[in-house]
Protein chains: 2
Amino acid sequence: MTKKFNFDVTATDGRARTGVISTPRGEIRTPAFMPVGTAATVKAMLPESVRATGADILLGNTYHLMLRPTAERIARLGGLHRFMNWDRPILTDSGGFQVMSLAGLRKLTEEGVTFKSHIDGSRHALTPERSMEIQALLGSDIVMAFDECTPFPSDEATARRSMELSMRWARRSREAFGDRPGHALFGIQQGSVYRDQRQESADKLREIGFDGYAIGGLAVGEGQATMFEVLEYAPAMLPEDRPRYLMGVGKPDDIVGAVERGIDMMDCVLPSRSGRTGQAFTRFGVVNIRNARHQDDPRPLDEHCTCPACRNYSRAYLHHVNRAQEIIASMLLTWHNLHYFQELMQGLRDAIAEGRLAAFVSDFHARRAEGDIEPI
Amino acid sequence: MTKKFNFDVTATDGRARTGVISTPRGEIRTPAFMPVGTAATVKAMLPESVRATGADILLGNTYHLMLRPTAERIARLGGLHRFMNWDRPILTDSGGFQVMSLAGLRKLTEEGVTFKSHIDGSRHALTPERSMEIQALLGSDIVMAFDECTPFPSDEATARRSMELSMRWARRSREAFGDRPGHALFGIQQGSVYRDQRQESADKLREIGFDGYAIGGLAVGEGQATMFEVLEYAPAMLPEDRPRYLMGVGKPDDIVGAVERGIDMMDCVLPSRSGRTGQAFTRFGVVNIRNARHQDDPRPLDEHCTCPACRNYSRAYLHHVNRAQEIIASMLLTWHNLHYFQELMQGLRDAIAEGRLAAFVSDFHARRAEGDIEPI
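Predicted model, so just to flag it, every value in this text is computed and none were measured.

Q: Which residues make up the overall build of chain A, and what values do they have?
A: The number of helices and strands found in chain A is 15 helices and 16 strands. Relative to a compact globule of 376 residues, whose C-alpha radius of gyration would be 21 Å, chain A shows 20 Å and is just as compact. Expressed as lengths along the three principal axes of its C-alpha atoms, the size of chain A is roughly 60 × 45 × 45 Å. Within chain A, the proportion of its 376 residues that are buried is 61%. Residue pairs in contact within chain A that sit at least 24 positions apart in sequence constitute 67% of those at least 6 positions apart. When the accessible surface of chain A is split by element, carbon and sulfur atoms take 48% of a total near 14,000 Å². Within chain A, the 48 negative side-chain charges are centred at a point lying 5 Å from the centre of the 46 positive side-chain charges.

Q: Describe the UniProt feature "binding site: Zn(2+)" (unreviewed entry) in chain A, with residues and values.
A: Residues and elements named next belong to chain A. Here, the residues flagged by UniProt with the feature "binding site: Zn(2+)" (unreviewed entry) are Cys305, Cys307, Cys310 and His336. Taken along the chain, the residues just named run across 32 residues; in space they keep tight, none of their C-alpha pairs more than 8.4 Å apart. Relative to the helices and strands, Cys305 resides in the loop between β16 (285-288) and α12 (308-312). Apart from the residues within four sequence positions on either side, Cys305 is in contact with Cys310, His336 and His339. Counting through the fold element by element, Cys310 comes out in helix α12. Not counting chain neighbours up to four residues away, the residues in contact with Cys310 comprise Pro300, Leu301, Asp302, Cys305 and His336.

Q: Before we move on, can you summarise the relation of the copies chain A and chain B with the specific residues and values?
A: For the pair chain A and chain B, the best superposition has an RMSD of 0.0 Å and corresponds to a rotation of 180° with a translation of 0.0 Å parallel to the axis. Taken together, the rotation and translation describe the operation of a two-fold axis. Closest to the rotation axis within chain A is the C-alpha of Ile327 of chain A, separated from it by 3.7 Å. Of the interface residues in chain A, 100% have counterparts in chain B that sit at the interface too, so the contact is made through matching surfaces.

Q: Mind laying out the state of the cysteines, listing which residues take part and the relevant values?
A: A covalent bond bridging the sulfur atoms of two cysteines is what the word disulfide describes. Within this structure, the stated rule accounts for zero disulfides over all chains. For Cys149 of chain A, which is in no disulfide, the shortest distance to another cysteine sulfur is to Cys268 of chain A and amounts to 13 Å.

Q: Got a sec to walk through the interface of chain A and chain B? Specific residues and values, please.
A: Listed as interface residues are 37 residues of chain A and, on the opposing side, 38 residues of chain B. One salt bridge connects Glu326 of chain A with Lys43 of chain B, and the closest N-O pair in it is separated by 2.6 Å. Connecting chain A to chain B are 14 residue pairs in polar contact (both at pLDDT 80 or more). Secondary structure elements with two or more residues in the side of chain A that touches chain B: α1 (47-52), α3 (71-76), α4 (80-84), α13 (315-323) and α14 (327-353) of chain A.

Q: Quick rundown of unusual backbone geometry? Include the residues and the values.
A: Here Phe152 of chain A and Pro153 of chain A are connected by a cis peptide whose omega angle stands at -5°. Mapped onto the fold, Pro153 of chain A is located in the loop between β10 (142-144) and α7 (156-177). Gly250 of chain B follows Val249 of chain B through a cis peptide bond whose omega is -5°. Turning to its location among the elements, Gly250 of chain B is positioned in the loop between β13 (244-246) and α10 (252-260).

Q: Give me the lowdown on the sheet that holds strand β8 (residues 113-116) of chain A, citing residues and values where you can.
A: All names here are of chain A. Read from one edge to the other, the open sheet built from three strands follows the order β7-β8-β9, with strand pairing classed as antiparallel. What marks the edges here is a single partner per strand, and that holds for β7 (106-108) and β9 (123-126). This sheet shows a mean twist of 15° between the axes of neighbouring strands, independent of strand direction. In the sheet, β7 pairs with β8 via three bridges, with the strands oriented antiparallel.

Q: Please set out helix α6 (residues 128-138) of chain A residue by residue, giving values where relevant.
A: Residue and element names in this part refer to chain A. Buried within α6 we find Pro128, Ser131, Met132, Ile134, Gln135 and Leu138. In a view along the axis of α6, the buried residues occupy a sector of 165°, so they form one face of it. A positive phi of about 85° marks Gly139, the residue just after α6.

Conventions used here
Residues numbered from 1 in each chain as written. Chains lettered and ligands numbered in written order. Predicted model: local features only at pLDDT ≥ 70, side-chain atom pairs only at ≥ 80, totals over all residues. Heavy atoms only, no water. Helix = DSSP H or I, 4+ residues; strand = E, 2+ residues; numbered from the N terminus. Rg over C-alpha atoms; globule rule 2.2 N^0.38 Å. Buried < 20%, exposed > 50% of the residue type's maximum accessible area, 1.4 Å probe, protein only. Contact = heavy atoms within 4.5 Å. Areas by Shrake-Rupley, 256 points an atom, 1.4 Å probe, with all protein chains shown as cover. Lys, Arg positive; Asp, Glu negative; His and termini not counted. Charge placed at Lys NZ, Arg CZ, Asp CG, Glu CD. UniProt positions renumbered as here; feature names shortened; annotations may be inferred. Least-squares fit on C-alpha atoms with pLDDT ≥ 70 in both. Disulfide = S-S within 2.5 Å. Salt bridge = Lys/Arg side-chain N within 4 Å of Asp/Glu carboxyl O. Polar contact = N/O pair within 3.5 Å; in protein donor to acceptor, adjacent residues only side chain to side chain. Pairing = 2+ DSSP bridges. Axes fitted to C-alpha atoms, helices over the stretch in contact; angles between N-to-C directions. Arc of directions from axis to C-beta.

Right under this line is the structure:
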């Protein structure tokens, strides 16, 4: 295992790439989907089960962890990996996105953001420097620069002010991060839906220099069509030899479209959150297990799926435990969803490696149009 | 594997016994503790994890299952074992106990009990015949006779009326059960705290003839001292060559005291319910993980315990996920508690087999008195 952070693209197919990110804590096969472990747990899953679905890396949330149990406490206890029993790579966000969502509870200045905790109302501050400090205390392998996620929609002047602030914060993040061998710092491109601003942001980030580059300010309500429009040009503005991370994406068809457009990493709460509300992602679309039509159905969710929910249980059972609000319903559906997402990523990686991504994608859409679908 | 239901006592130590109940679905080592899988799931556990703790048999609740998803539906889906993915023995209660607890919502006659569902208010009836039918539809391996759990306290006349009704229902249960090779029917002794009534009840049950015998009407608020008083004489009134099952017990010291007095089987929701509220049972007593004194504690719950919660997590982590109301808190603490209970049973079985139960019991009490205890 390498002691350095490194990214090798091993094959391309159109704009899509497959490769390996190497870190001292293990390899990340790309394109990669990162399950979200907000409060030091991927909800309703043991970490060994998350790993069994094929996940190479988890995402942790700086905002939640800094409030509870606090980054200082996690550091005293040996870091986030040991704390949550996950010894593979962890990427942490900067806290910015969640803090910005605290409408009415936060105040933004050039220095950073002050805000009130959603847990106990206590006052806190996040700056680029403090975000770097927290992510270091957590022991994060991939640290995200502190930025403002530009809301959608924003007019050009607003988007520009926000992007320029994020670029100043990106520089402060880079300086505060310092030199930490084996740990990576990613910059985040902003610029909303404005191509010139995206270019300007990319140029500034390149100039500062990062180990990887995220595309921020998407998956915030603009819709898939608009997101894909931005992804037609935004990834190519970023260095080809570094990972490109699309934050907060997404539904399976978002993921497929993003990979086609050159994205290497993604994260989303969707598979775990949907698992807790009874929505299962399958090759044929979304199954809402709460629907009464499943109550006598002896078939598994997907007879070709090898996850424990599909191997061992009927739709009737999953329907029953969902209706009865049993914890096992969340456990099994989350497992299934994470398994499905990771299987999709493996399918994409294989297709790119073998130069048959177009066929894979057309197959993906055809199966979902075929039947047994309940739209999400 | 035998095709018959059979019980062999392999060793005794004082009044305590150890042995094996053989069923077509596998062996049950006694004394046995049965985790409760009320609604076709042991809450917060996958069945393979329940098995991994050492459980040989689960208990299912007729009342809950008849209402949702219904016994008929479970039968259509291949029975409770297939439905919930547990292929080992299942004991089902008769539904009587839970129905009797529906104060104000149920009506008792010689025929049986009518009641309103706690889920949707719909009207239902349970009789000895219907209880036998439901338990057969579920595919239960050990079926319990339908009885009235005599409330505590009850005066002698009330207890007698209740016991005599239960004995008439026991006969009707026996007749309705019929001849089902490989499946067992257990009678239930009543008589409250009145020795002559316990004897009369035992005599009537023997006369009817059952595959095993339960001691009912205990663990209903009478307290440990009173329960142990009854257990001084009640087990010996029942046939020596059949399993004796103490229903709804209990805390670890209840279990130890019951085994000392000749009990072979027990069940209780305590380890799983306590797991969901943050109480952990250990060799040193109960740990309330919610207590702030655990928030920086890097030690496991019990450093000698081999369950996943103790092998992989600190008290600080368990405290954090409990406070954050994360599902993994229920998963890990339930696993730990079930592991502890099964380890206790294995300790009791080994001690009886080796004729050193008294030393085991005195050790059990000494360790709990020793420290690191928070009383439950």
